Amino acid sequence: MKDLLAPRHRPLLDGLGARRTLFAFDYDGTLAPIVRDAARARMRAATKRRLVALASRRPVVLVTGRALADLAPLVEGVPTAARIGNHGLEWEGEGLPRCDRAVVELAAPRVAGWLDAMQPLEALGIRVEDKRLSLSLHLRGASPLTRDRVHREAVRLPGARLVPGKEVLNVLPEVGLDKGSALQLIGRAVGCEALLFAGDDVTDEDVFTRSVPWPLVAIHVGSGPSAAEYRLRSQGRIDELLDALLLALDRTEPAAAASE
Ligand SMILES: [Mg+2]
């Protein structure tokens, strides 16, 4: 994977600045550091400042596995074009419905059934998070034996797609919507000409591997394998990426930059 911040990729960034590019970012592990208590996963003030600056100039989409209601307080004040939650099953933004009703009708009762089946795992110290359209089984602190048991039980859930994440097993309904297809849909709705997406986890691969009808700059955050073409070595470098994008906008819109 290539380092997008290397000087030789400056023309690529300028190309993004010159087009109507949709700038999309995963939240946990990408915009905000991973922390033990997910409710406290805040962006650094410096990151938020840069993200707001970018979002006030270009369409920014936040893409998360969290339920949107859970994301909202963490990104207050960021003027996003759209937000995608629940790994692609929930969306909101101007001109967009909150979700696909047909998907909700399929997914919600299925997830409710899984919740009943998985709740006994809480006795083993597994937190079963009900996100209404998907479940998250939180594995932090669990022994290898317990993790095995969680996997064995989750695999038996009908109509489920299991996506492992960082200290979590995501249980998603197979309904033909993921982060990749949701971004494609929103890209079409806003008429984008290019897409940048940065993400750190397994469900972000759904974006990296989806063929979209626009040039895609796919950035994997952190170490480990990924289908993304570019890598940002750690979450700590997200501010450098945002700075590079803002500078590319300045270079490609000199008049707008001068008036700011
Ligand atoms: Mg993430």
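Calculation rules
Residues numbered from 1 in each chain as written. Predicted model: local features only at pLDDT ≥ 70, side-chain atom pairs only at ≥ 80, totals over all residues. Heavy atoms only, no water. Helix = DSSP H or I, 4+ residues; strand = E, 2+ residues; numbered from the N terminus. Buried < 20%, exposed > 50% of the residue type's maximum accessible area, 1.4 Å probe, protein only. Contact = heavy atoms within 4.5 Å. Pairing = 2+ DSSP bridges. Axes fitted to C-alpha atoms, helices over the stretch in contact; angles between N-to-C directions. Donors = N, O, S within 2.8 Å, 3.2 Å for Na, K, Ca; no water. Expected span 1.5 Å × (residues − 1). Domains from an automatic or database assignment. Buried area = accessible area lost by both parts, 1.4 Å probe. Salt bridge = Lys/Arg side-chain N within 4 Å of Asp/Glu carboxyl O. Polar contact = N/O pair within 3.5 Å; in protein donor to acceptor, adjacent residues only side chain to side chain. Nonpolar A, V, L, I, M, F, W, Y, C, P; charged D, E, K, R; others polar.

## Overview of the environment of L96
Within the secondary structure layout, L96 lies in the loop between strand 5 (90–93) and helix 4 (101–118). On the basis of relative accessible area, L96 is assigned to the buried category, the value being 17%. Sequence separation of L96 and L245 is 149 residues, and the distance between their C-alpha atoms is 26 Å. Not counting residues up to four positions away in its chain, the partners in contact with L96 are A82, I186 and A189.

## Topic: the sheet that holds strand 5
Strand order across the open sheet formed by eight strands is 1-12-11-10-2-3-4-5, with mixed pairing between neighbours. Strands at the two margins of the open sheet, each flanked by one partner only, are strand 1 (2–3) and strand 5. As paired elements, strand 3 (residues 60–63) and strand 4 (residues 82–85) share three bridges and run parallel to each other. Bridge assignment links V63 to a residue of strand 4, and that residue is I84. In this fold helix 6 (residues 179–190) packs onto strand 2 (21–26), strand 3, strand 4, strand 5 and strand 10 (194–199), with an angle of close to 150° to the strand it touches most, strand 2. Along the sheet, helix 8 (residues 238–252) contacts strand 2, strand 10, strand 11 (216–221) and strand 12 (230–232); its crossing angle with strand 2, the most-contacted strand, is approximately 175°.

## What about the coordination of the magnesium ion?
The coordination sphere of the magnesium ion contains the protein donors D26 (OD), D28 (O) and D200 (OD), at a distance range of 2.1 to 2.2 Å. Among the residues examined, D26 registers a relative accessible area of 4% and is labelled buried.

## A look at helix 8
Between its first and last C-alpha, helix 8 extends 21 Å over 15 residues, near the 21 Å set by a 1.5 Å rise per residue. When helix 8 is considered as a whole, its buried residues turn out to be I238, D239, L241, L242, A244, L245, L246, A248 and L249. Here the buried face of helix 8 lies against helix 1 (10–18), strand 2, helix 2 (45–55), strand 10, strand 11 and strand 12.

## Digging into the domain arrangement of the protein chain
Reports of interface size often rely on the accessible area that becomes lost once the parts have come together. Taken as a whole, the protein chain is organised into domain 1 (2–99 + 177–258) and domain 2 (101–173). Using only C-alpha atoms to locate each centre, domain 1 and domain 2 end up separated by 26 Å. Across the boundary between the two partners, domain 1 contributes 19 residues, which contact 16 residues of domain 2. Interface area for domain 1 against domain 2, summed over the two sides, is near 1,400 Å², with a carbon-plus-sulfur share of 56%. When the buried area of domain 1 at its contact with domain 2 is split by residue, H87, L89 and C99 rank highest and sum to 32% of it. If you look at where domain 1 meets domain 2, you find two salt bridges. A salt bridge links K166 to D200; the shortest N-O distance between them is 2.5 Å. At the boundary of domain 1 with domain 2, the tally comes to seven residue pairs in polar contact (both at pLDDT 80 or more). For the side of domain 1 that touches domain 2, the residue count by class is seven nonpolar, four polar and eight charged.

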